[in-house]
Amino acid sequence: MIRGAPRARLRAVDVLKAQRLTGRNGVQLKSILNRVQKQPGFVYGQVRLVENVRLELEIEVRPRVRSRACCSGCGRKGPGYDRLPARRFEFVPLWGIAVYLVYALRRVNCRQCGVRVEAVPWGSGKRRLTDTYAWFLARWAKRLSWTEVAAAFHTSWEKVYRAVEMAVEWGRAHQSLAGIEAIGIDEIQWQRGHRYLTLVYQIDEGCRRLLWIGQERRVKTLLRFFRWLGKERSKGLRFICSDMWQPYLKVIAKKAGHAVHVLDRFHIMSILSKAIDEVRAQEVKALKEDGYEPHLKHARWLLLKRPENLTEKQEPRLADLLRYNLRSVRAYLLKEDFQFFWEYRSPYWAGQFLDRWCTRTLRSRLEPMQKVARTLRGHRPLILNWFRARGAISSAAVEGFNNKAKLTMRKAYGFRTDRAMQVALYHTLGALPEPAATHEFC
Ligand SMILES: [Zn+2]
């Protein structure tokens, strides 16, 4: 024994348990199953090793003697009707061996529902996966892509999808929607920009998660969100973050006019970046036509990155670039200057800064930047709300979620349908609850 190590003290109960688990012939699979996954009303029978294409374990399940079956319609016990042929329900694999529970479902002659198949504790009679296995796959699907999970456990992509779908449906039915005060509304493009999804996040300091997904980004879309949230809970909203997409602004004003509506930093900075990109692209084209050397061709990231994020190699290149009085450089400097806006504490002084910045930019003769300045002017009050909401909402939350959502989509080869995409997003970003289990299988 290692000196100083605490001595394991076995309580009498543990010893007894260990003995019962081990038995005279060593540990039996049945005993382990009874320990980790008891099935109330049922007992485990014989265990068979079957040599199919791959090795398989079949575990027979029987109803407890004299127990009556429960109706799957109403849950009440009823008189037996007949039995269906035995069926296999896939369970968590062991040592790379597929494991199945084998059971012949009884049918009940229910007084209320008529002849119905019985309810079983390991899953729904319709699904071929046991709940335990479905949760097992769904949990792995948070760490790996669905394709990888399917390969790791010798199962199909379709089964992993069904497992995650089950987890999402359960989680969404059991999640609490109490106390939502701050939400962020964002849109993402998918299928190479052909389609949009509207995503609504809860961004309260203590609770951040994906709340809702809607197709497209129309007025109708966001109206559907507020209908889903309900009147009472909509009244409880205090802060709403969004971009300047007109249909969103319209619906928010109508459905949650009492809340402080903030145009958030992430979206404003991203329209500035887009404008710079436009100026640069125009300039590259113009320089090329005039026969000048294309300094700007590979400068895209130099201009879009924050100076503190530049690499050692990029720094001198940016310095070099800034020596030229290029339109792109002027646009870049305007954007860098705008960063100071976010440093203000008081909405009043921030407003003064915003006005000065807009005036200067409108004189810049950089058309894409002028467009931004006009947009910002048009939304002045909502932009200044940023300073009123400071501290109450987590500013980087929407940006963080946006990145994670994009990552989920990138990993998502195989998600051809909207439905699968939505299931994947809820699964990774929804912070959904899981049922309490007696044993952790992974
Ligand atoms: Zn019934």
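In this text, all values refer to a predicted model and were calculated from it rather than measured experimentally.

**Here's the deal with the pairing of strand E12 (residues 260-263)**
Bridge analysis of strand E11 (residues 239-242) against E12 gives four bridges, and the strand direction is parallel. What sits directly across from Phe-239, in E12, is Val-260. Handedness of the crossover joining E11 and E12 through helix H8 (residues 246-255): right-handed.

**Quick look at the side chain of Glu-56**
In this fold, Glu-56 is placed in strand E2 (residues 55-63). Engagement of the side chain of Glu-56 in a polar contact is seen with the side chain of Asn-52, the distance being 2.8 Å.

**Observations regarding the coordination of the zinc ion**
Around the zinc ion, the protein supplies Cys-71 (SG), Cys-74 (SG), Cys-110 (SG) and Cys-113 (SG) as donor atoms, at distances of 2.3 Å. Here the zinc ion binds four donor atoms, and the angle range of 104 to 117° at the metal identifies the geometry as tetrahedral. All donor residues of the zinc ion come from one chain, and their arrangement in sequence is C-x2-C-x35-C-x2-C. You can see Cys-74 sitting in the loop between E2 and strand E3 (80-83) and its partner Cys-113 sitting in the loop between strand E6 (106-110) and strand E7 (114-117), a full 39 residues away along the chain. Taking the relative accessible area as the measure of exposure, Cys-74 reaches 29% and is therefore partly exposed.

**Things to note about the sheet that holds E12**
Two pairing modes exist for strands in a sheet, parallel and antiparallel, and in both the strands are linked by backbone hydrogen bonds. In space, the five strands of this open sheet follow the order E10-E9-E8-E11-E12, with mixed pairing throughout. Since the sheet does not close on itself, it has two edges, and those belong to strand E10 (207-215) and E12, each with one partner. Neighbouring strand axes in the sheet, compared pairwise and without regard to direction, differ in orientation by 25° on average. Against the sheet, helix H15 (residues 380-388) engages E11 and E12, with an angle of about 105° to E12.

**Considerations on the nonpolar core**
Judged by nonpolar contacts, the single largest core of 116 residues is most densely connected at Phe-338, Phe-341, Trp-357, Met-369, Leu-376 and Leu-425. Filtering out sequence-adjacent residues up to four positions away, Leu-425 remains in contact with Leu-197, Leu-199, Leu-210, Ile-213, Ala-405, Thr-408, Met-409 and Gly-430.

What counts as what
- Residues numbered from 1 in each chain as written.
- Predicted model: local features only at pLDDT ≥ 70, side-chain atom pairs only at ≥ 80, totals over all residues.
- Heavy atoms only, no water.
- Pairing = 2+ DSSP bridges.
- Helix = DSSP H or I, 4+ residues; strand = E, 2+ residues; numbered from the N terminus.
- Right-handed = clockwise from strand over helix to strand, strands pointing away.
- Polar contact = N/O pair within 3.5 Å; in protein donor to acceptor, adjacent residues only side chain to side chain.
- Donors = N, O, S within 2.8 Å, 3.2 Å for Na, K, Ca; no water.
- Tetrahedral: all angles 85-135°; square planar, octahedral: opposite > 155°, others 65-115°.
- Buried < 20%, exposed > 50% of the residue type's maximum accessible area, 1.4 Å probe, protein only.
- Axes fitted to C-alpha atoms, helices over the stretch in contact; angles between N-to-C directions.
- Contact = heavy atoms within 4.5 Å.
- Core = buried A, V, L, I, M, F, W, Y, C linked by side-chain atoms within 4.5 Å.

Geometry only, nothing functional implied.
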